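Analysis of the macromolecular model
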Amino acid sequence: MKSNSFPKGDFILKIAVSDFDGTLFFHQNDTIPQINIEAVKKWRSVGNIFCICTGRDMRSLMYEMNRHRMEYDFIICNNGGTLFDKNLNIVKSFPLDRQMLLKLVHSDIAADSWHIMYSAVDKMRTTINSDKSQLLKYFNSVKYKNQEIIKIVSIEEALAEMEPVQISLAYENEQIAEKYAQRIETEFNDAFSANLNLNCIDVCRKNITKASGVKELLKLNPAWQNAEVLTIGDAQNDVPMIEEFNGYSLNSATEHAKQHAAKLYNSVGEMLLKNL
């Protein structure tokens, strides 16, 4: 269902789906720009729907959403692995195959990763393999240090208390990540999708991507099948939903995302206001 294929005339519901990190929220400023916050309010005030679609787990996402008092209607987390409503009730989840997951986390693919971050519907855990892991700075930061959002455990401890919908791996560079992503998708009985994001890989159940997450959202209401869907993202793991819905990217995005976008904007806020 392409976002430019709907009839003109009477009001048509519009559903905007935005990536979070690097698209709506920016780490360098630790903030969601005010234009994004205000545009989402205006977008929703006329009856349209706004959804976040992120590789993050729900808890770490909601920490930032609540801190910025950001409005939303639904959130898709874990690259399509989980879908939550406005009240954070779980609507859909797609756990990883347990047998294949055990094989993966005990393989050289996982051992060579700086960390293994496990995300479930209700919690997140991490196994640290190297002091190069970028997660260590978050563990020690003021906003995460005393939260249950992040907890360091062994592989065995993590899998004993969780049913992961996603694991995330990180490597020295993008080339290494690409090599391991190919192996993940070919060596484990077709059990996984490897969603690349720079030097990181988010491993989800096979065929689970941000595009599949948006499609699950649209299934929730038959009327939404006639909605106009606008997607926007900045990185490689956003490409599936950009391609599927003829979506957008930012001028500040990675070249990979920009190459697949129908149009580029300076911000999510600009995209929303120009498509009201």
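Owing to the predicted nature of the structure, the values given are computational and were not obtained by experimental measurement. (Residues numbered from 1 in each chain as written. Predicted model: local features only at pLDDT ≥ 70, side-chain atom pairs only at ≥ 80, totals over all residues. Heavy atoms only, no water.)

1. Details of the side chain of Glu216
As a reminder, the rule being used: Counting from the N terminus, the helices are DSSP H or I runs at least four residues long and the strands are E runs at least two residues long. Only protein chains enter the area calculation, which uses a 1.4 Å probe; residues under 20% of their type maximum are buried, those over 50% are exposed, and those in between are partly exposed. Here a residue-residue contact requires only that any non-hydrogen atoms of the pair lie within 4.5 Å.
Within the secondary structure, Glu216 sits in helix 9 (residues 210-218). Glu216 sits in the buried class, given a relative accessible area of 14%. Excluding residues within four positions of it along the chain, Glu216 makes contact with Leu83, Lys92 and Phe94.

2. Quick word on the pattern of salt bridges
Where we set the bar: Put simply, a salt bridge is a Lys or Arg side-chain nitrogen that is within 4 Å of an Asp or Glu carboxyl oxygen.
One pass over the full model with this rule turns up 19 salt bridges. When the shortest N-O distance is used, the salt bridge between Lys210 and Asp19 registers 2.9 Å. Note that Lys210 is positioned in helix 9 and Asp19 in the loop between strand 1 (14-18) and helix 1 (34-45), a separation of 191 residues in sequence. As far as burial versus exposure is concerned, Lys210 and Asp19 are alike and both buried.

3. A few points about the sheet that holds strand 8 (residues 166-170)
Strand pairing in a sheet is mediated by backbone hydrogen bonds. Such pairs are either parallel or antiparallel. Rule in force here: We treat two strands as partners when DSSP finds at least two bridges between them. Note on method: axes are straight lines fitted to C-alpha atoms, helices fitted across the in-contact stretch only, with angles between N-to-C directions ranging 0 to 180 degrees.
With antiparallel pairing, the five strands of this open sheet are ordered in space as 7-6-8-10-9. Looking at which strands have only one partner, the edges of the open sheet turn out to be strand 7 (124-128) and strand 9 (192-197). Within the sheet, the average angular offset between the axes of one strand and its neighbour, ignoring direction, is 20 degrees. Looking at chain direction, strand 6 (residues 115-119) and strand 7 are connected through five bridges and run antiparallel. The partner of His115 across the bridge, within strand 7, is Ile128. Contacting strand 8, strand 9 and strand 10 (200-205), helix 8 (residues 174-186) runs over the sheet at an angle of about 165 degrees to strand 9.

4. Focus on the confidence of the model for the protein
Predicted coordinates in regions of low pLDDT should not be interpreted in detail. Going by this rule: The predictor attaches a confidence to each residue, called pLDDT, with possible values from 0 through 100.
Averaged over every residue, the pLDDT of the protein is 92; residues scoring 70 or more account for 93%. Long-range and interchain partners of residues 1-8, a stretch whose pLDDT sits below 50, account for 22 contacts in this model, where long-range means more than four residues apart.

5. What about the environment of Phe74?
Along the chain, the position of Phe74 falls in strand 3 (residues 74-77). The exposure class of Phe74 is buried, given its relative accessible area of 13%. With 14 residues separating them along the chain, Phe74 and Leu88 place their C-alpha atoms 8.1 Å apart. Among residues more than four places away in sequence, those in contact with Phe74 are Ile49, Phe50, Cys51, Ile52, Leu83, Phe84, Asp85, Leu217, Leu220 and Trp224.

6. Structural notes on the nonpolar core
Threshold: Working definition of a nonpolar core: buried Ala, Val, Leu, Ile, Met, Phe, Trp, Tyr and Cys residues. They are joined through side-chain atoms within 4.5 Å.
In this structure, Phe50, Ile75 and Leu272 are the most contacted members of the largest nonpolar core, which totals 33 residues. Put simply, the parts of the chain that give this core at least two residues each are helix 1, strand 2 (49-53), helix 2 (58-67), strand 3, strand 11 (228-232), strand 12 (248-250) and helix 12 (268-274). Among the nonpolar cores identified, the runner-up in size contains 29 residues, and Val153, Leu159, Phe188 and Ala191 belong to it.

7. Digging into the packing of aromatic side chains
Threshold: Any two rings among Phe, Tyr and Trp, with Trp reduced to its six-membered ring, count as a pair given centres within 6.5 Å; such a pair is stacked if its planes are under 30 degrees apart, edge-to-face if over 60, and tilted if neither. Geometrically, a charge over a ring is one whose NZ (Lys) or CZ (Arg) sits within 6 Å of the ring centre while staying within 35 degrees of the ring normal.
Per the stated rule, a full pass over the model turns up five aromatic pairs. Their ring planes at 5 degrees and their centres at 5.2 Å tell us that Phe20 and Phe25 sit as a pair that is stacked. Neither residue differs from the other here; Phe20 and Phe25 are each classed as buried. Ring centres of Phe188 and Phe192 lie 5.8 Å apart, and the angle between their planes is 55 degrees; this geometry places the pair in the tilted category. Here Phe188 and Phe192 have matching classes, each one buried. Seen from the ring of Tyr180, Lys179 lies directly overhead, with NZ or CZ sitting 4.8 Å from the centre.

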